[in-house]
Amino acid sequence: MAQLHRQLSQESQSLYQQQQKQALASLQAKLPDYLAQIENPASELGAIKIAQLQARIVSVEQSLRNVVDYLNSASLPNHIEQLEAAIAQITADIDQLQYQIPFATNPEQPTHWHTEAGGEPSLFPVASESVSPVRGAGEACRDAPWRVWEEDRRAYSSAFVPEPILPNWDFRFTLKGHQDWVSALAISSDGQILASGSLDKTVKLWHLETGDLIHTFSDHQQGVLCLSLSPDGQWLASGGFDQTIKVWHLETRELCHTLTGHNGSVRSLVIMPDNQTLISGSFDQTIKLWQLDQGKFVQDLVQDAGRLSALALSPNGKTLASGGGDGIIDLWHVQPFDLAFSLTDNLSSINSLALSPDGRRLVAACTDGTLKVWQLDSAERVESWQCPSAPAMSIIFSDNGQSAIAAHADGTIKIWWLGIDEPLLVLDNNDADSVVSVALSPDGQWLAGGNRDGTVKLWQQL
């Protein structure tokens, strides 16, 4: 919508200038006749002709300004939330969506490691056309060093691509209970509980191995868009169209807190490894920090992050990625919180982001159907997978970090291996509904896909 608004503004301004030139040219062509009539003493209509001419000029200019003002009106982005809410209400009447958006891919680019004093590797973004400081970031952000994990200082070479391992996924269950899109999924760290959030305003808990429904939370007033489970399995947070964040205690099944403060739908949530800190991203362009156990707002981390749809946190909690409708991906140092660099690689709108288990790669799922992977030490794109028939709705990395698992709007889950242009495996839902969310258990044994028809399908790796 932001790209469309900018395009309309440019086209309307061009139209205004073109029509103004045409109107002036027409008036100039007729000016000699008007002057001749005015200079003729016998003509009593001279004053009337001048008044008519002035009125015509004012009328033309006002009409053109009205067109420009309408097209440039701020009401278009301001009403996006209302538009999305309306779309959510009529999704049950939509039979099928077809997407035919052509695009091109860029060749894989090499990745380079940089070494700091002492000979230890450091993730450090080099100058690239896809890297730029934005949203008020200082010039120093362009060369801000990217912090490497202290737990993992092994030398790495992107030139080495492991042989693909074809996973053997066995379909197990279809979970039924939601009445609308299953827009979010999360699996507990022990691999026992699956949480599903839906546009039907509910969050459900399922036993992963049996497919049994355990509990239903019904406290949201509008559709649920995102979920996050704490690493210790104690807390479940959900956000949605009602602009609130609900925090439940999983053991007692009690609603502990309702966090308010966002002025737009809450699109993404991540819980820090300390199990006490929550970060939220919203369509109101803010990223907020919360104290989870006390249910308290701490601070705004960012106030102009764009209309966010996705956050991703590295497993060690040191790196946060954010992205949304403007196609820009920001990479942030978490402690202290500051902007490292931005990826502006001509992306379409971003639906989902994921960081690899080692925190060194980032993958984005885009509305134009592409999946793009960056190496964060160089901030260079190393993969661009194509699925032009349908947008990529949700994306996660596999447990080994060598493949990405994507939910696509054509009703499939595709597994993509780094270094291979075609999907390694396609899991078909055997229906025409879109897959809008995907989750993988920490041990990599269970895969869940949430669908537009309200079902959740589960596969187990043999």
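For the structure itself, consult the block above.
What this report covers is the structure whose coordinates are included nearby. (Residues numbered from 1 in each chain as written. Predicted model: local features only at pLDDT ≥ 70, side-chain atom pairs only at ≥ 80, totals over all residues. Heavy atoms only, no water.)

**Let's talk about the overall build of the protein chain**
Alright, step 1. Looking only at helices and strands, one finds four helices and 30 strands in the protein chain.
Alright, step 2. In the protein chain, buried positions account for 50% of the 462 residues.
Alright, step 3. Pairs at least 24 apart in sequence give 51% of the contacts found in the protein chain among residues at least 6 apart.
Alright, step 4. Accessible area for the protein chain stands at about 21400 Å²; split by element, carbon and sulfur atoms hold 50% of it. (Helix = DSSP H or I, 4+ residues; strand = E, 2+ residues; numbered from the N terminus. Buried < 20%, exposed > 50% of the residue type's maximum accessible area, 1.4 Å probe, protein only. Contact = heavy atoms within 4.5 Å. Areas by Shrake-Rupley, 256 points an atom, 1.4 Å probe, with all protein chains shown as cover.)

**What to know about the sheet that holds strand 17 (residues 319-324)**
Alright, step 1. Read across the open sheet, the four strands follow the order 16-17-18-19; overall the sheet is antiparallel. For this open sheet the edge positions go to strand 16 (308-313) and strand 19 (338-343), each flanked by a neighbour on one side alone. Pairwise comparison of adjacent strand axes, ignoring direction, gives a mean angle of 20° for this sheet.
Alright, step 2. Where strand 18 (residues 329-333) lies against strand 19, five bridges are found, and the strand directions are antiparallel. Across the sheet, residue W332 finds its bridge partner in strand 19, namely L339. (Pairing = 2+ DSSP bridges. Axes fitted to C-alpha atoms, helices over the stretch in contact; angles between N-to-C directions.)

**With respect to the nonpolar core**
Alright, step 1. One finds I329, L331, F341, L343, L353, L362 and W374 to be the most contacted residues of the largest nonpolar core, which totals 18 residues.
Alright, step 2. Contributions of two or more residues to this core are made by strand 16, strand 18, strand 19, strand 20 (350-355) and strand 21 (361-366).
Alright, step 3. Among the nonpolar cores identified, the runner-up in size contains 15 residues, and M272, L301, L308 and L339 belong to it. (Core = buried A, V, L, I, M, F, W, Y, C linked by side-chain atoms within 4.5 Å.)

**Comments concerning the packing of aromatic side chains**
Alright, step 1. Inspection of the entire model under this criterion finds five aromatic pairs.
Alright, step 2. Ring centres of W290 and F297 lie 5.4 Å apart, and the angle between their planes is 70°; on these two criteria the pair is classed as edge-to-face.
Alright, step 3. Here the guanidinium or amino end of R267 rests over the ring plane of F283, the centre of that ring lying 4.2 Å away. (Phe/Tyr/Trp six-rings, centres within 6.5 Å; stacked < 30°, edge-to-face > 60°. Lys NZ or Arg CZ within 6 Å of the ring centre and 35° of its normal.)

**Observations regarding the environment of T319**
Alright, step 1. Tracing the backbone through its elements, the reader meets T319 in strand 17.
Alright, step 2. Of the residues examined, T319 reaches a relative accessible area of 4% and is grouped as buried.
Alright, step 3. It is 9.4 Å that separates the C-alpha atoms of T319 and A340, two residues lying 21 residues apart in sequence.

**Points about the sheet that holds strand 24 (residues 392-397)**
Whether parallel or antiparallel, the strands of a sheet pair through hydrogen bonds between backbone atoms.
Alright, step 1. What the four strands build is an open sheet, ordered 24-25-26-27; its pairing is antiparallel. The open sheet is flanked by strand 24 and strand 27 (425-428), the only strands paired with a single partner. Pairwise comparison of adjacent strand axes, ignoring direction, gives a mean angle of 20° for this sheet.
Alright, step 2. Bridging between strand 24 and strand 25 (residues 403-408) involves five bridges; their strand directions are antiparallel.

**Let's talk about the pairing of strand 14 (residues 287-291)**
Alright, step 1. In terms of burial, strand 14 is largely enclosed, as four of its five residues are buried.
Alright, step 2. The hairpin turn running from strand 13 (residues 277-282) into strand 14, its antiparallel successor, is four residues long, and Q285 in that turn takes a positive phi close to 75°.
Alright, step 3. Both strand 14 and strand 15 (residues 296-302) contribute to a ladder of five bridges, which runs antiparallel. What sits directly across from K288, in strand 15, is D300.
Alright, step 4. Here strand 14 folds back onto strand 15 in antiparallel fashion, the turn holding four residues, of which G295 has a positive phi close to 65°.

**Comments concerning the pairing of strand 8 (residues 224-229)**
Alright, step 1. The element strand 8 is largely enclosed, with a buried count of six among its six residues.
Alright, step 2. One ladder, built from five bridges, connects strand 8 with strand 9 (residues 235-240); its direction is antiparallel. Its bridge partner lying in strand 9, L227 is registered against S238.

**Re the pattern of salt bridges**
Alright, step 1. Under the definition given, this model contains two salt bridges.
Alright, step 2. In this structure, D300 and K288 form a salt bridge, with 2.6 Å as the shortest nitrogen-oxygen distance. With D300 in strand 15 and K288 in strand 14, this pair connects stretches of sequence that are 12 residues apart.
Alright, step 3. The class for K288 is buried, based on a relative accessible area of 7%.
Alright, step 4. Across the pair K414 and D410 runs a salt bridge whose closest N-O atoms are separated by 3.0 Å.
Alright, step 5. The buried category is assigned to K414, whose relative accessible area is 9%.
Alright, step 6. With a relative accessible area of 29%, D410 lands in the partly exposed category. (Salt bridge = Lys/Arg side-chain N within 4 Å of Asp/Glu carboxyl O.)

**Let's talk about the side chain of T370**
Alright, step 1. With respect to the helices, strands and loops of the structure, T370 is situated in the loop between strand 21 and strand 22 (371-375).
Alright, step 2. Judged by relative accessible area, T370 falls into the buried class, the value being 1%.

**What to know about unusual backbone geometry**
Alright, step 1. Residue Q335 is joined to P336 through a cis peptide bond whose omega torsion reads -10°.
Alright, step 2. Relative to the assigned elements, P336 resides in the loop between strand 18 and strand 19.
Alright, step 3. Positive phi, normally seen in glycine, also occurs at R253, with a value near 65°.
Alright, step 4. For R253, the position within the fold is in the loop between strand 10 (245-249) and strand 11 (254-259).
Alright, step 5. Assessed through its relative accessible area of 30%, R253 is described here as partly exposed.
Alright, step 6. For N275, which is not a glycine, the phi torsion comes out positive at approximately 65°.
Alright, step 7. Tracing the chain through its elements places N275 in the loop between strand 12 (266-271) and strand 13.
Alright, step 8. Taking relative accessible area as the criterion, N275 reaches 13% and is therefore assigned buried.

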